[in-house]
Amino acid sequence: MFVYLPCGVGGGPGGVAYGLKAIYGEHVHIFFGEPLQSPCMLIGMMTGLHDQIAVSDIGLTNVTEADGLAVGRASKFVGKMMDPIISGCYTVDDDFLFDSLIGMYEQENIFMEPSAHAGVFGPIQLVKEGKDYLEANNLVEKITQSTHIIWSTGGDMVPTDQRQEYLQKEIKLNNNIM
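Here is a short report on the structure shown in this document. Bear in mind that the values here come from a model prediction, so they are computed numbers and not experimental data. (Residues numbered from 1 in each chain as written. Predicted model: local features only at pLDDT ≥ 70, side-chain atom pairs only at ≥ 80, totals over all residues. Heavy atoms only, no water.)

So, on to the overall build of the protein. A tally of regular secondary structure across the protein gives 7 helices and 4 strands. Taken from the N to the C terminus, the helices and strands of the protein come in the order β-α-β-α-α-β-α-α-α-β-α. Taking 2.2 N^0.38 as the reference for a compact globule, 178 residues should give roughly 16 Å; the C-alpha atoms of the protein span a radius of gyration of 16 Å, in line with that estimate. When the backbone C-alpha atoms are referred to their principal axes, the protein occupies close to 40 × 40 × 30 Å. Out of the 178 residues belonging to the protein, those deemed buried represent 44%. Within the protein, counting contacts between residues at least 6 apart in sequence, those at least 24 apart form 72% of the total. For the protein, the exposed area adds up to about 9600 Å²; of that, 53% sits on carbon and sulfur atoms. Between the mean site of the 10 positive side-chain charges and the mean site of the 22 negative ones, the protein shows a separation of 6 Å. (Helix = DSSP H or I, 4+ residues; strand = E, 2+ residues; numbered from the N terminus. Rg over C-alpha atoms; globule rule 2.2 N^0.38 Å. Buried < 20%, exposed > 50% of the residue type's maximum accessible area, 1.4 Å probe, protein only. Contact = heavy atoms within 4.5 Å. Areas by Shrake-Rupley, 256 points an atom, 1.4 Å probe, with all protein chains shown as cover. Lys, Arg positive; Asp, Glu negative; His and termini not counted. Charge placed at Lys NZ, Arg CZ, Asp CG, Glu CD.)

This part is about helix H1 (residues 11-24). Relative to the 20 Å expected for 14 residues at 1.5 Å per residue, H1 spans 20 Å between its end C-alpha atoms, a close match to the ideal helical length. Taken together, the buried positions of H1 are Pro-13, Gly-14, Val-16, Ala-17 and Leu-20. Along H1, the residues classed as buried sweep out an arc of 165 degrees about the axis, all on the same side. Seen from the open side of H1, the exposed residues pointing more than 90 degrees away from its buried face are Ala-22 and Ile-23. At its buried positions, H1 is contacted by strand S1 (2-6), strand S2 (29-35) and helix H3 (76-82). (Expected span 1.5 Å × (residues − 1). Arc of directions from axis to C-beta.)

What follows covers a nonpolar patch on the surface. On the surface, Tyr-18, Phe-77 and Met-81 cluster together to form a nonpolar patch covering roughly 340 Å² of accessible area. Following the sequence through the fold, Tyr-18 ends up in helix H1. Take Tyr-18: its relative accessible area is 48%, and that puts it in the partly exposed class. (Patch = residues over 30% accessible without salt bridge, like charges linked within 9 Å, V, L, I, M, F, W, Y side chains within 5 Å. Salt bridge = Lys/Arg side-chain N within 4 Å of Asp/Glu carboxyl O.)

Attention now goes to the pattern of salt bridges. Following the criterion strictly, the structure yields 1 salt bridge and no others. Among the ionic pairs, Lys-131 bridges to Glu-135, the shortest N-O distance being 3.8 Å. Within this pair, Lys-131 and its partner Glu-135 are both found in helix H6 (residues 131-136), separated by 4 residues, close to a single helical turn. Using a relative accessible area of 54% as the deciding quantity, one classes Lys-131 as exposed.

For the rest of this paragraph, the subject is helix H5 (residues 117-129). Residue pairs three or four apart in sequence face the same way in an α-helix, which turns once every 3.6 residues. Look at H5: 18 Å from first C-alpha to last across 13 residues, which is about the 18 Å you get at 1.5 Å a residue. Along its length, H5 reaches its greatest deviation from straightness, about 25 degrees, at Pro-123. Taken as a whole, H5 has its buried residues at His-117, Ala-118, Gly-119, Val-120, Phe-121, Gly-122 and Leu-126. In this structure, the buried residues of H5 make contact with S1, S2, strand S3 (88-92), helix H4 (94-108), H6 and strand S4 (148-150). (Bend = angle between axes of the 7 residues up to and from the residue.)

On to the nonpolar core. Among the nonpolar cores identified, the biggest contains 22 residues, and Leu-5, Ala-17, Ile-30, Phe-32, Met-41, Met-82 and Ile-86 are the most heavily contacted of them. Of all elements in the fold, only S1, H1, S2, helix H2 (40-47) and H3 reach the threshold of two or more residues within this core. Looking at this core, the element that brings in the most residues is H2, giving 5 residues. Among all residues touching Ala-17, those that are not within four sequence positions of it are Leu-5, Ile-30, Phe-32, Met-82, Ile-85 and Ile-86. If you look at the next biggest cluster of nonpolar residues, it comprises 19 residues, including Leu-69, Tyr-90, Ala-118 and Leu-134. (Core = buried A, V, L, I, M, F, W, Y, C linked by side-chain atoms within 4.5 Å.)

Nothing here speaks to function; it is all geometry.
Written out as structure tokens, the structure reads:
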């Protein structure tokens, strides 16, 4: 099983990851998705500094449309706990969040807040960039036969006017590209 969790400070996804690993052990592979300008868990874990380093320390802005994930410094407790538990972290650009938001809404009639779409990028990133991880864990053949779970929360709580603003933002982004 592959699970992709949007991550801010790390508390929520850390708890989910801990529980899944306790139940499924080596049969679950967990990835945290963070905004490109706010990858506090990723830099904390990569450097081993956890809460002793902030995204601003490496020149990132911590500005993102994924407001639930706009965290500049990871949880010290969660970061250290996740070291042996999660399989990896990845970053996602805000433009993808809105492209995915409109696609999910149009194709599946499911509205998810922008932050939730950090999880959607996980399987895409794993297939495109995760060859070394898949090979090292003998998962190349199993990836298409595995269950992939994108953890998503928050869409039902977004007020109708805010939903429309998010959907219109996507239209504006697309018009600016053309």
